[in-house]
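The chain contents come next:
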Amino acid sequence: MTPKHPRTLASACILGWALSSGWASAGSTPDLSRLLSAINPPQSQTALLVRPMAAGHSDAILSQNADTLLLPASTQKLLTAVASMAQLGKNFRFQTQIYADAQPREGILEGNLYISFSGDPSLTREDLRLLLKQVTGPRSQALAPALKRIQGNIYLVGSKQAQLQAPGWVWDDLGICFAAPVSSFIIDKNCIQGQLQPSHGGGQTGSPASLPSRVRFADYLPVRISSDAVFDTQAKRPFCNLALQRLANNSYHIDGCHKGRQPLPLAIAVTDPGVFAQETLLQLSQAQGLGLSGQLGLLQRLPNGVSLLASHSSAPLPELLDTMLLDSDNLIADSLLKQLGESVYHQAGNFDNGVAAMRKILTTLGIDLSGAQLVDGSGLSRYNLLSASQLAAVLGLMYTDARFKDLLDSLPVAGVSGTLRYGRHYTRAPLKQHVIAKTGSMQGVANLAGFVRLGANKDYLVVVLENGLSPQAKQQQQAPFGALFLQRLIDSLEHDEGHDRRLGKAERPGKAQDKQLGQPAAE
């Protein structure tokens, strides 16, 4: 329902909020600073913007520091999603392909085999095994017999000297999988899953104050991980932290201590993706009985005159973006950023040309990025800077432009999906199922950008940015600022519009918009 008097919505909304909180006196409407004074964190920087999405309502009904540049964290992925859909298109897929510079005869290749990597962030070890099997396994009669021996070399083709991390990524995050290196060569997200376990050997009896540790991980993985860390079983050490040393050739050492006696899951980022890919391919080729007379190495470019033997495709772009937005997948975001650089500038993609391409694409779409600092596609860099107004412009484009409206269905839903499924205070009313948004969190940052839906045709664009949140302040919060703000916003909007206090299941934003575009609403 569209209110008859647009200005009445804003004033009644703010006044109702103020009355319920005891801020307004008779005959007065409080200023914004008074309105937010009870919930604004005393030490953090915050920026807020709320705008109704109903037709004819383009003005914000609430705005605070909306043009202040702050760290966006993973809300930056909204920009990456829109730019990728605009430039690459919904049919885009990453390709991993096998070529040869001669025709195999009777199972023998008198030449070289080339495996071309494209930086597919979803490529797995099993995908590679099946790709190799296309040439080493049974083949149709129209093709040559299964390949059994290569007289030349095997080359893995990809950019060897690519930027693996963007400027501004925190150094001590680089060994952790959420900051895995962004390379042409990606296998299993360039991530090693394992477990640090207490070792009960050595003839110890009773309950010792500390126990040595051991690392368990899949023995086929071409990495080496050692540990002399200890488990502080009685949690008596005043300073007890683990440290990861990243050594050459994907070797690692863990030292320090861990409180308690429960095993600790490990997710360690591969340090050298090229070496990891070489050793993985060597294992897979040997397991399939593929003989190699030459060497296995890396190559920058695919030579001319080669023939395609086998191919593997990733899922199409919309599925990759769905994972990226729902799970806040950094590797997908930055791999797509490099694809933007390659697509726009016709050269090997990297963070520099990827960011330039993203800025160019979004500017063409009408997004004003004046003053913004863009460094990567994931939001991991501490050098990124965006305003609430700029994020709101991207969200507005997603909501109104038919090319991007499907991205709305990939945003996390409070209490239901993605990074909001188990979020504190998002699993119950009034936020559950009514907040549909991309989150952005890192140390000191707690952001959210998306929509609040209160019913059909009652969508509100909302951006909440909070920077400078110390770990101590976060621990002492009774409720996160973003959740508290959204609760009060929903209470105020419902009071103003006379909604029933019982909140039912809300549709995702964009369904009413589908009808306005003359299309049936998706189920």
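Figured I'd write up the structure that's included with this text. Small disclaimer: the values here were computed from a predicted structure and weren't measured.

1. With respect to helix α5 (residues 273-287)
With 15 residues, α5 ought to run about 21 Å at 1.5 Å a step, and its terminal C-alpha atoms sit 21 Å apart, in line with that. Three or more residues of α5 are buried, namely Pro273, Gly274, Val275, Phe276, Ala277, Gln278, Thr280, Leu281, Leu284 and Ser285. Looking at the buried positions of α5, the neighbouring elements they touch are β5 (113-116), α4 (125-136), β7 (154-157), β8 (191-198) and β16 (296-299). Between a side-chain oxygen at the N-terminus of α5 and the backbone nitrogen of Gly274 the separation is 3.2 Å; the capping residue is Asp272. Immediately downstream of α5, the backbone of Gly289 shows phi near 75 degrees, a positive value.

2. What about the sheet that holds strand β2 (residues 62-64)?
On the basis of which strands lie adjacent, the open sheet formed by five strands has the order β2-β1-β20-β19-β18 and antiparallel pairing. Because the sheet does not close on itself, it has two edges, and the strands there are β2 and β18 (435-442). Averaged over all neighbouring strand pairs, the angle between strand axes comes to 10 degrees, with direction disregarded. Pairing of strand β1 (residues 45-52) with β2, which is carried by three bridges, proceeds in the antiparallel orientation. Looking at the pairing, Leu48 lines up with Gln64 of β2. Contacts between helix α9 (residues 388-400) and the sheet are confined to β1, β19 (445-453) and β20 (459-467), with β20 contributing the most and set at about 150 degrees to the helix.

3. Comments concerning the sheet that holds strand β15 (residues 291-292)
Ordered by their spatial adjacency, three strands build an open sheet running β4-β6-β15, and the pairing between neighbours is parallel. The open sheet is flanked by β4 (108-109) and β15, the only strands paired with a single partner. As paired elements, β4 and strand β6 (residues 149-150) share two bridges and run parallel to each other. Across the sheet, Leu109 pairs through a bridge with Ile150, a residue of β6.

4. Topic: the layout of surface pockets
Of the pockets and cavities examined, the largest pocket occupies roughly 750 Å³. Top element by residues in the lining of the largest pocket is β18. It accounts for five residues. Broken down by class, the residue content of the lining of the largest pocket amounts to 15 nonpolar, 14 polar and seven charged. When its volume is computed, the second largest pocket comes out at roughly 630 Å³. Lining the second largest pocket we find 28 residues, and of these Phe117, Ser118, Ser159, Ser184 and Glu342 sit closest to its centre. Those elements that place two or more of their residues in the lining of the second largest pocket are β3 (95-100) and α7 (330-345). For the lining of the second largest pocket, a count of residues per class yields nine nonpolar, 15 polar and four charged.

5. Some points on the pairing of β19
Burial within β19 is extensive, with eight of its nine residues counted as buried. Inspection of the sheet shows β18 paired to β19 by eight bridges, in the antiparallel sense. Paired with Met442 across the strands is Val445, a residue of β19. A loop of two residues connects β18 with β19, the two strands running antiparallel in sequence, and Gly444 in this loop sits at a positive phi of about 90 degrees. Bridge analysis of β19 against β20 gives seven bridges, and the strand direction is antiparallel. Among the inter-strand pairings, Arg453 is bridged to a residue of β20, identified as Asp459.

6. Brief notes about the pattern of salt bridges
Summed over the entire model, instances satisfying the criterion amount to five salt bridges. Here Arg129 makes a salt bridge to Glu126, at a shortest N to O gap of 2.8 Å. Pair noted here: Arg129 and Glu126 are both in helix α4, with a separation of three residues, about one helical turn. Residue Glu126 is classed as partly exposed on the basis of its relative accessible area of 39%.

7. What to know about the state of the cysteines
The full count for this structure, using the stated rule, is two disulfides. For Cys240, the disulfide goes to Cys257, at an S-S distance of 1.9 Å. Residue Cys240 is found in the loop between β11 (230-232) and β12 (242-247), and its partner Cys257 is found in strand β13 (residues 251-259); the two are separated by 17 residues along the sequence. This pair shows no difference in class: Cys240 is buried, exactly as Cys257 is. Cysteines bonded in the chain are numbered consecutively along the chain; their disulfide partners then correspond to 1-2, 3-4.

8. Concerning the packing of aromatic side chains
What describes a pair of aromatic rings is the distance from one ring centre to the other and the angle between the planes of the rings. Per the stated rule, a full pass over the model turns up six aromatic pairs. Taking the centre distance of 5.0 Å and the plane angle of 75 degrees together, the rings of Phe92 and Phe94 count as edge-to-face. Among the residues examined, Phe92 registers a relative accessible area of 15% and is labelled buried. For Phe94, a relative accessible area of 1% puts it in the buried group. Taken together, a centroid distance of 5.6 Å and an interplanar angle of 20 degrees make the contact between Tyr114 and Tyr155 stacked.

9. Focus on empty space enclosed by the protein
Scanning all chains against the criterion turns up two cavities of 30 Å³ or more. Considered as a void within the structure, the second largest cavity measures approximately 30 Å³ in volume. If you go around the second largest cavity, the residues you meet are Leu113, Ile115, Leu132, Ile154, Leu281, Ser285, Leu290 and Leu296. Looking at the lining of the second largest cavity, the elements with two or more residues in it are β5 and α5.

Here is what the cut-offs are and how they apply
- Residues numbered from 1 in each chain as written.
- Predicted model: local features only at pLDDT ≥ 70, side-chain atom pairs only at ≥ 80, totals over all residues.
- Heavy atoms only, no water.
- Helix = DSSP H or I, 4+ residues; strand = E, 2+ residues; numbered from the N terminus.
- Expected span 1.5 Å × (residues − 1).
- Buried < 20%, exposed > 50% of the residue type's maximum accessible area, 1.4 Å probe, protein only.
- Contact = heavy atoms within 4.5 Å.
- Polar contact = N/O pair within 3.5 Å; in protein donor to acceptor, adjacent residues only side chain to side chain.
- Pairing = 2+ DSSP bridges.
- Axes fitted to C-alpha atoms, helices over the stretch in contact; angles between N-to-C directions.
- 1 Å grid on protein atoms, 1.4 Å probe; cavity = no way out; pocket = protein on both sides within 12 Å on 5 of 7 lines; lining within 4 Å.
- Points joined across faces, edges and corners; volume = space filled by probe spheres on them.
- Nonpolar A, V, L, I, M, F, W, Y, C, P; charged D, E, K, R; others polar.
- Salt bridge = Lys/Arg side-chain N within 4 Å of Asp/Glu carboxyl O.
- Disulfide = S-S within 2.5 Å.
- Phe/Tyr/Trp six-rings, centres within 6.5 Å; stacked < 30°, edge-to-face > 60°.

Keep in mind these numbers describe shape, not what the thing actually does.
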